Amino acid sequence: MAEASTGGPQGAGTEGTAYRQELRRSLGSFQVFAISFAFISVAVGIFATFDEVLQTAGPVGIWLWTVAAVGQTLVALVVAQFAARIPLSGSSYQWASRLGSPRAGWWFGWLTFCYLAIAVVAIDNALASLALMPLAGLAADEDTARLITLAVLLVQAVVAIASTRLVSWINSAAVGLELTLVVVVAVALVVAVLVTGDGSPGNLVSRGVAAGSPDYFAVGGGLMLSMIMGLATLVGFDSAANLAEEAKDPFRSVPRAIVGSVVAAGILGMLFLITLTAAIEDLPRISAEGSPVAAIMRDRLGPVAEKTLLAAVSIAFFGAGTVVLVACSRLIFAMSRDARFPAHRWMRRVNPRTRTPIPATLLILALGVVLMVALPGAALLQLITSSTILPALIYGATIVLYLAVRRRLDRRAGAFDLGRLELPVAVSALVWTLIALFVLVTPEDAPTSVVIVAGLLLLGGLFFLGMLAAGGRALEAVPEDEDTAVR
């Protein structure tokens, strides 16, 4: 029996499980939605990847955002089916452990841990180099960006340790600001184009600087590469499930947050992309900019608007990074209370005053410091790039799990349920995930990222074998449930 089964009365606040309620349930419906929406972060994703789309596919590549949004919504619907039945910290780790086997669940947990730990560094490094440094008027410099990244990580760790409610307040404010930013910027650009008459609606069907590229329609070519903007942005919606033990009415609020965040991000993102693209007057110059979104704002609305955008995007970046850090700490906590994570006796500890897992949070901070200090620039970039493959693997595996166990899932009255649509939605989501993986592994530089992912799997495999060699008791069973999610 896993070590976690020994603590507290069964079902004490964790909906029929043997876990005792150690985390504070303080997140309302909007705050849970904000968790998922902040991880996705439309403004951050577009701000960081719009230049790649302009350079590889041209402006017309933005329309593949719609394809990615529909596909990721299908995935979110399947994830929501699990979240409505097993609302525990650790999300896919818990689902696979309880519906498949503890050993399968461990691999889900390991992949998710690798993805989230890398994502924290990726978001904060992008915050430093793409937003904070330009906002402060600092010239591009990798060492400066790394120092800023470390400072941001430290502040986020302090916030995450202090209070989940504080995190939710900051995050809700950041999400509210981001929603306002996307809508206001879109409207302002439309007004500016109409007033000046300098808009270029033809951009919406233009290949721009990618026109004439011989591999434009090839596998791994320019047009296909533009899909990565949506695939890299519309992920992390399951982060609400990682904080399910801190949500009020998780059977309803968490699934709605998962699906609602993807739908909202998909619609707002497409609106933002259309208005940005139509507002470009000098397409070659904007395509060559390191931050084309800021350049468009400067051209159309002036330098004050550009600085305002950078400040708002910085807040959105900070909120997204904080959410990822918190979600990762909850996953570590969930695996550790089942004795399935290194140093689990420390990592499972929750501070009785703040009700937050402090050792797990500090571990993520330490890993960020190691990555910033130890990895050279090229290696760090490749590691960050590899993180785009991990969520597709995790979602694909989650869908396969759902198809395997769906007939054994209970139906809870009032909880999210696809009903008769569950099978066609799940099959469609699986097909989409295979397409997404194909898109992610076919670019010319993708083999390096694939090797990194394989290395992370190998590292996990070594620890997994170590647990088996030690007797493997933690991998044999999950804490017994009073009312299991499977009949």
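Summary of the structure given here.

Procedures and definitions
- Residues numbered from 1 in each chain as written.
- Predicted model: local features only at pLDDT ≥ 70, side-chain atom pairs only at ≥ 80, totals over all residues.
- Heavy atoms only, no water.
- Helix = DSSP H or I, 4+ residues; strand = E, 2+ residues; numbered from the N terminus.
- Rg over C-alpha atoms; globule rule 2.2 N^0.38 Å.
- Buried < 20%, exposed > 50% of the residue type's maximum accessible area, 1.4 Å probe, protein only.
- Contact = heavy atoms within 4.5 Å.
- Areas by Shrake-Rupley, 256 points an atom, 1.4 Å probe, with all protein chains shown as cover.
- Lys, Arg positive; Asp, Glu negative; His and termini not counted.
- Charge placed at Lys NZ, Arg CZ, Asp CG, Glu CD.
- Salt bridge = Lys/Arg side-chain N within 4 Å of Asp/Glu carboxyl O.
- Axes fitted to C-alpha atoms, helices over the stretch in contact; angles between N-to-C directions.
- Parallel < 35°, antiparallel > 145°, perpendicular 65-115°, else oblique.
- Left-handed = near helix turned anticlockwise from the far one by under 90°.

1. Some words on the overall build of the protein
Of regular secondary structure, the protein possesses 20 helices and 0 strands. For 487 residues, the compact-globule formula gives about 23 Å, and the C-alpha radius of gyration of the protein, at 22 Å, lands near that figure. C-alpha atoms of the protein, sized along the principal axes, occupy 70 × 45 × 40 Å. Per-residue burial over the protein gives 58% buried out of 487 residues. Put simply, of all contacts in the protein between residues at least 6 apart along the chain, 81% involve residues at least 24 apart. Accessible surface computed for the protein: about 18,300 Å², of which carbon and sulfur atoms make up 67%. If you average the places of the 32 positive and of the 32 negative side-chain charges in the protein, the two averages end up 11 Å apart.

2. Concerning the pattern of salt bridges
Evaluated as defined, the whole model comprises 12 salt bridges. One salt bridge connects Glu246 with Arg330, and the closest N-O pair in it is separated by 3.0 Å. Of this pair, Glu246 sits in the loop between helix H10 (239–242) and helix H11 (250–278) while Arg330 sits in helix H14 (residues 303–336), placing them 84 residues apart in sequence. Taken individually, Glu246 and Arg330 each receive the classification buried, so the pair is uniform in this respect. Of the charged contacts, one joins Arg298 and Glu289 as a salt bridge, the two residues approaching to 3.6 Å between their closest N and O atoms. Overall, the relative accessible area of 22% leaves Glu289 in the partly exposed class. Each of Asp282, Arg285, Glu289, Arg298, Asp299 and Glu306 takes part in one network of salt bridges that share partners.

3. A word on the packing of helix H1 (residues 29–40) against helix H7 (residues 164–196)
Direction vectors running N to C along H1 and H7 enclose 65°, while the axes themselves pass 9 Å from each other. As the angle between them shows, H1 and H7 are arranged roughly perpendicular. Crossing geometry of H1 relative to H7 is assigned as left-handed. When H1 is examined against H7, the residues Phe30, Gln31, Ala34, Ile35, Phe37 and Ala38 are found in contact with a partner set consisting of Ser168, Trp169, Asn171, Ser172, Val175, Glu178 and Leu179.

4. Digging into unusual backbone geometry
Positive phi values are uncommon outside glycine, yet Ala343 reaches one of about 55°. Structurally, the position occupied by Ala343 is in the loop between H14 and helix H15 (344–347). On the basis of relative accessibility, which here comes to 46%, the residue Ala343 falls in the partly exposed class. The residue Arg355 is not glycine, and still its phi comes out positive at about 60°. Position of Arg355 among the secondary structure elements: in the loop between H15 and helix H16 (358–374).

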